[in-house]
Amino acid sequence: MTDNQQSLVRVEDGVLRIAVATAEHGTSLSPEGMRQGIDALRSAGPEIGAVLLVGEGANFCAGGNVRGFAAAEDRSAHLFDIANLFHDFIRALDAIAVPVVAAVHGWAAGAGMSIVLHADIAFAGPGTKLRAAYPSIGFTPDGGMSWTLPRVVGLARARELILTDAVISAEEGVRLGLLSRIVGDDEIQGEALRIARTLAHGPTAAYAGIHRLVNESVHRSLSEQMDAEAASISAASTTPTGIEGVDAFVEKRRPDWSLGANAAQQ
Amino acid sequence: MTDNQQSLVRVEDGVLRIAVATAEHGTSLSPEGMRQGIDALRSAGPEIGAVLLVGEGANFCAGGNVRGFAAAEDRSAHLFDIANLFHDFIRALDAIAVPVVAAVHGWAAGAGMSIVLHADIAFAGPGTKLRAAYPSIGFTPDGGMSWTLPRVVGLARARELILTDAVISAEEGVRLGLLSRIVGDDEIQGEALRIARTLAHGPTAAYAGIHRLVNESVHRSLSEQMDAEAASISAASTTPTGIEGVDAFVEKRRPDWSLGANAAQQ
Amino acid sequence: MTDNQQSLVRVEDGVLRIAVATAEHGTSLSPEGMRQGIDALRSAGPEIGAVLLVGEGANFCAGGNVRGFAAAEDRSAHLFDIANLFHDFIRALDAIAVPVVAAVHGWAAGAGMSIVLHADIAFAGPGTKLRAAYPSIGFTPDGGMSWTLPRVVGLARARELILTDAVISAEEGVRLGLLSRIVGDDEIQGEALRIARTLAHGPTAAYAGIHRLVNESVHRSLSEQMDAEAASISAASTTPTGIEGVDAFVEKRRPDWSLGANAAQQ
């Protein structure tokens, strides 16, 4: 069964699970996973509270399908199409405004590493390895790596990590801020799913607001951002989620976030 | 005695000390501290060489007064007013261009954590804990947290820390770059005051220039910033502070920064 | 022999080596090194594949020549000229788009620390020490330090490191992301040269693209950057470098990057 014949996305308990790579083509980025992922992300309704990104083969994602690049009649056109498909996936991931969790086992190289840099929470194990992997085939980055990485480690270290094609261990990845936390290699998927489920049943209206504020902060001055924050916190306080959050706090009970979720679905 | 009846700001030896929270209302952000702080920051003359931010209760600041939110007749209007008052405080803090030191003991949650992210130097102790604390009541951040945090740890880790409402230990806070250094819990205020005093009697004209250059760098290209740096260092070299600094270096003696301070006051 | 009489730049095996300071004037920033460096960087052709920055005295670079500042008839004009010369060097370094390696032994203070922050790879040893060093003479930063540093550690820690004039050890420098790696003090130059040579014979067309993408990312949105990345990776795939990279990968052999280098020289 090839990628095209199987479903690479599924929804379970509020979590939209997307396989960005499979065992096919050396666990390289799956164009079919991108296509199905884009459709699922764009059509997601309020029943989706979190996204879980996984690889279904031996790695999270070992990068682009280099054999496919080599075999293309017009390499330039092929790369342009593949990159644009990949980037539409990243744009859809960025637009959905629900928490994104990545279960990063084995290699996350090239496009795989690019994806990890977009995840709100990235679980790794001792066997996880990140690598830019672009210059080793004479290429330049895609998936936004040249934009996200400098915002984590600064421009100089970003250039270094990409230029030198450094293999980054899980521990180093956490130290640099590229990965969130390390669990056992065989616990990565379970832990990532557990957190994704928990977040999917959390205060999703607040999560959407947090996602928007943080992402929009990039092009704003501090003062402009505080105006946006004031508008957002004021609006949040009268949503079902914000009302329940404050009431539960005062009444010293656990908030029932399903109130907000139900309201959002109406 | 309530907050309104006591002075939450005082000037001592060149240091403007502002209490951002008191024991009242569960060590939540003090609107009176904000009001008095704004007035003091805006009217500060050259006699003020540093700002020291403290909490007067058991914590630095445990966040907004959630009971106050719950009790408000119009929650949305109340939150809007509170956030704008808070943001005017942050703007005044940002505008004064003297070093800002925070003595962060116990919890710095929500608005408290937001304030810490604006301090040039943030002292913590083993008992210090940071927490975004917004989504747990169904809210989104304020105080500029959605702007400052991504600039320290990148967008993904910023979203993670806010979304998951992670409790951040002092050690983790230093590792992430949110806190400066750890001393004993009962030494935090003393050490913070000591540094604030030292800075208040330092080369304040240079400090003001450093503050402006770093903050203005956000929206400039590297080349534009270097033009601003060249203008600034050239101007600095003929201020009393810059003349004294260079002369003292060449004469192998300690600079007398009071020369610059006196000149600035004239 | 003074700086003016000797050559402070030389090309060896594809590496442009520039001495930013010599034993003269207390290992301070060498204006002659800047002038020769600017000329060499601007006139560099495809035979240059990497830049190596070194100090030829006891330190990498101990900062500006403060005695020279003191002796200037017009300090303001002198500082303006020196800063602009220095900044033209940084601009030329930024424009050449080949990997920049710094061999940072001993002190990298003031302008020396500024230079380190522009290097893609900065080698240090246990004896390496960084220090902003501007406020101690009543000055404000130059060399882009007020722009690069906040992008590595955030605005607050950047202000702290500059304001407090902290001495930063090699270990702390690596932790903060200011330095790349630590080797023995007497291995710094050798290791830096070795890496510079390796990079000089690598996929230089890809390195140039990586350099441009990362640096241009600063003022772009994520979506705009991904458009630039798609154009770049598509173009790379049909350069001699990109063709050789993909072909070698598929044929399971080491790529011969001289193909790309030769092509670039034609």
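Conventions used here
- Residues numbered from 1 in each chain as written.
- Chains lettered and ligands numbered in written order.
- Predicted model: local features only at pLDDT ≥ 70, side-chain atom pairs only at ≥ 80, totals over all residues.
- Heavy atoms only, no water.
- Helix = DSSP H or I, 4+ residues; strand = E, 2+ residues; numbered from the N terminus.
- Rg over C-alpha atoms; globule rule 2.2 N^0.38 Å.
- Buried < 20%, exposed > 50% of the residue type's maximum accessible area, 1.4 Å probe, protein only.
- Contact = heavy atoms within 4.5 Å.
- Lys, Arg positive; Asp, Glu negative; His and termini not counted.
- Charge placed at Lys NZ, Arg CZ, Asp CG, Glu CD.
- Least-squares fit on C-alpha atoms with pLDDT ≥ 70 in both.
- Core = buried A, V, L, I, M, F, W, Y, C linked by side-chain atoms within 4.5 Å.
- Phe/Tyr/Trp six-rings, centres within 6.5 Å; stacked < 30°, edge-to-face > 60°.
- Polar contact = N/O pair within 3.5 Å; in protein donor to acceptor, adjacent residues only side chain to side chain.
- Domains from an automatic or database assignment.
- Buried area = accessible area lost by both parts, 1.4 Å probe.
- Nonpolar A, V, L, I, M, F, W, Y, C, P; charged D, E, K, R; others polar.
- Salt bridge = Lys/Arg side-chain N within 4 Å of Asp/Glu carboxyl O.
- pLDDT = per-residue confidence, 0-100.
- Axes fitted to C-alpha atoms, helices over the stretch in contact; angles between N-to-C directions.
- Left-handed = near helix turned anticlockwise from the far one by under 90°.
- Pairing = 2+ DSSP bridges.

**Overview of the overall build of chain A**
When its secondary structure is counted, chain A shows 11 helices and 9 strands. Relative to its length of 266 residues, chain A is compact, with a C-alpha radius of gyration of 19 Å against a globular reference of 18 Å. Overall size of chain A, expressed as C-alpha extent along the three principal axes, is 60 × 45 × 35 Å. Here chain A holds 266 residues, and 61% of them are scored as buried. Nonlocal contacts in chain A, meaning residues at least 24 apart in sequence, comprise 70% of its contacts between residues at least 6 apart. For chain A, the distance from the average site of its 21 positive side-chain charges to the average site of its 31 negative ones is 4 Å.

**Re the relation of the copies chain A and chain C**
With an axial shift of 0.0 Å and an RMSD of 0.0 Å, the rotation relating chain A to chain C amounts to 120°. One copy is carried onto the other by what is essentially a three-fold rotation axis. Of the residues that chain A buries at the interface, just 11% are likewise interface residues in chain C, meaning the two copies contact each other through different surfaces.

**Considering the nonpolar core**
By size, the foremost hydrophobic cluster in this structure holds 258 residues, and its most contacted members are A:L53, B:L53 and C:L53. Discounting chain neighbours no more than four positions away, the residues touching B:L53 are B:I18, B:V20, B:F60, B:F89, B:L93, B:V100, B:V101, B:A102, B:A103 and B:I115.

**As for the packing of aromatic side chains**
Residues and elements named next belong to chain A. According to the stated counting rule, one finds 3 aromatic pairs over all chains in the structure shown. Between F69 and F139, the aromatic rings sit 5.8 Å apart at their centres with planes inclined by 20°, giving stacked as the arrangement. In this pair, F69 sits in helix 2 (residues 66-71) while F139 sits in the loop between strand 7 (129-131) and helix 5 (145-163), placing the two residues 70 residues apart along the sequence. A relative accessible area of 7% places F69 in the buried class. Taking relative accessible area as the criterion, F139 reaches 1% and is therefore assigned buried.

**Some details on the side chain of C:H118**
You can see C:H118 is positioned in the loop between helix 4 (111-116) and strand 6 (121-124). Judged by its relative accessible area of 9%, C:H118 falls in the buried class. Here C:G143 takes part through its backbone oxygen, which lies 2.8 Å from a polar atom of the side chain of C:H118. Discounting residues that sit within four places of it in the chain, C:H118 has contacts with A:R159, B:L222, C:I90, C:L93, C:G143, C:G144 and C:T148.

**Describing the domain arrangement of chain A**
Residues and elements named next belong to chain A. Split by domain assignment, chain A resolves into domain 1 (3-200) and domain 2 (204-265). Each of domain 1 and domain 2 has a C-alpha centre, and these two points are 28 Å apart. Contacts between the two partners involve 10 residues from domain 1 and, on the opposite side, 8 residues from domain 2. Of the roughly 760 Å² buried at the junction of domain 1 and domain 2 (both faces included), carbon and sulfur atoms supply 62%. Between domain 1 and domain 2 we count 2 residue pairs in polar contact (both at pLDDT 80 or more) in total. Those elements giving two or more residues to the side of domain 1 that touches domain 2 turn out to be helix 5 and helix 7 (188-200). Of the residues contributing to the side of domain 1 that touches domain 2, the split by class is 6 nonpolar, 1 polar and 3 charged.

**Some points on the interface of chain A and chain C**
On the side of chain C, 56 residues touch chain A, which itself brings 45 residues to the contact. When chain A packs against chain C, the two sides together hide about 4100 Å² of surface, and 62% of this comes from carbon and sulfur. Applying the counting criterion to the chain A and chain C interface returns 4 salt bridges. The shortest N-O distance in the salt bridge between C:D247 and A:R75 comes to 2.5 Å. Put simply, the parts of the chain that give the side of chain A that touches chain C at least two residues each are helix 2, helix 3 (75-95) and helix 5 of chain A. The greatest single-element share of the side of chain A that touches chain C, amounting to 16 residues, is contributed by helix 5 of chain A. Classifying every residue of the side of chain A that touches chain C by side-chain character gives 22 nonpolar, 13 polar and 10 charged.

**A closer look at the confidence of the model for chain A**
Model confidence for chain A is summarised by a mean pLDDT of 95, while 96% of its residues fall at 70 or above. Note on residues 262-266 of chain A: pLDDT is under 50 here. Beyond four places in sequence and across chains, it has 4 contacts.

**As for the pattern of salt bridges**
All names here are of chain C. Under the criterion given, the structure shown has 51 salt bridges over all chains. Note that E12 and R197 form a salt bridge whose closest N and O atoms lie 2.8 Å from each other. Taken together, the positions of E12 in strand 1 (residues 9-12) and R197 in helix 7 (residues 188-200) put the pair 185 residues apart, joining distant regions of the chain. Judged by relative accessible area, E12 falls into the partly exposed class, the value being 34%.

**A short note on the packing of helix 1 (residues 31-43) of chain B against helix 3 (residues 75-95) of chain B**
All names here are of chain B. Packing of helix 1 against helix 3 brings their axes to within 9 Å, and their N-to-C directions diverge by 30°. Two packed elements cross with a definite hand, and for helix 1 against helix 3 that hand is left-handed. In this structure, helix 1 contributes P31, M34, R35, G37, I38, L41 and R42 to the contact, and helix 3 contributes I82, L85, F86, D88, F89, A92 and L93. Here the contact of helix 1 with helix 3 is built from residues that sort into 10 nonpolar, 1 polar and 3 charged.

**Here we look at unusual backbone geometry**
Of note in this structure, A:H25 is not a glycine but carries a positive phi near 50°. Its location among the elements puts A:H25 in the loop between strand 2 (15-21) and helix 1 (31-43). On the basis of relative accessible area, A:H25 is assigned to the exposed category, the value being 54%. One non-glycine residue, B:A97, lies in the positive phi region at around 60°. By relative accessible area, B:A97 is classed as buried at 7%.

**Details of the sheet that holds strand 8 (residues 167-169) of chain B**
Residues and elements named next belong to chain B. The 3 strands lie next to each other as 5-7-8, forming an open sheet whose pairing is mixed. Here the strands that pair on one side only, and so sit at the sheet edges, are strand 5 (107-109) and strand 8. For this sheet, the mean inter-axis angle between neighbouring strands, taken without regard to orientation, is 20°. Both strand 5 and strand 7 (residues 129-131) contribute to a ladder of 3 bridges, which runs parallel. Residue pairing in the sheet places A108 in a bridge with L130 of strand 7.

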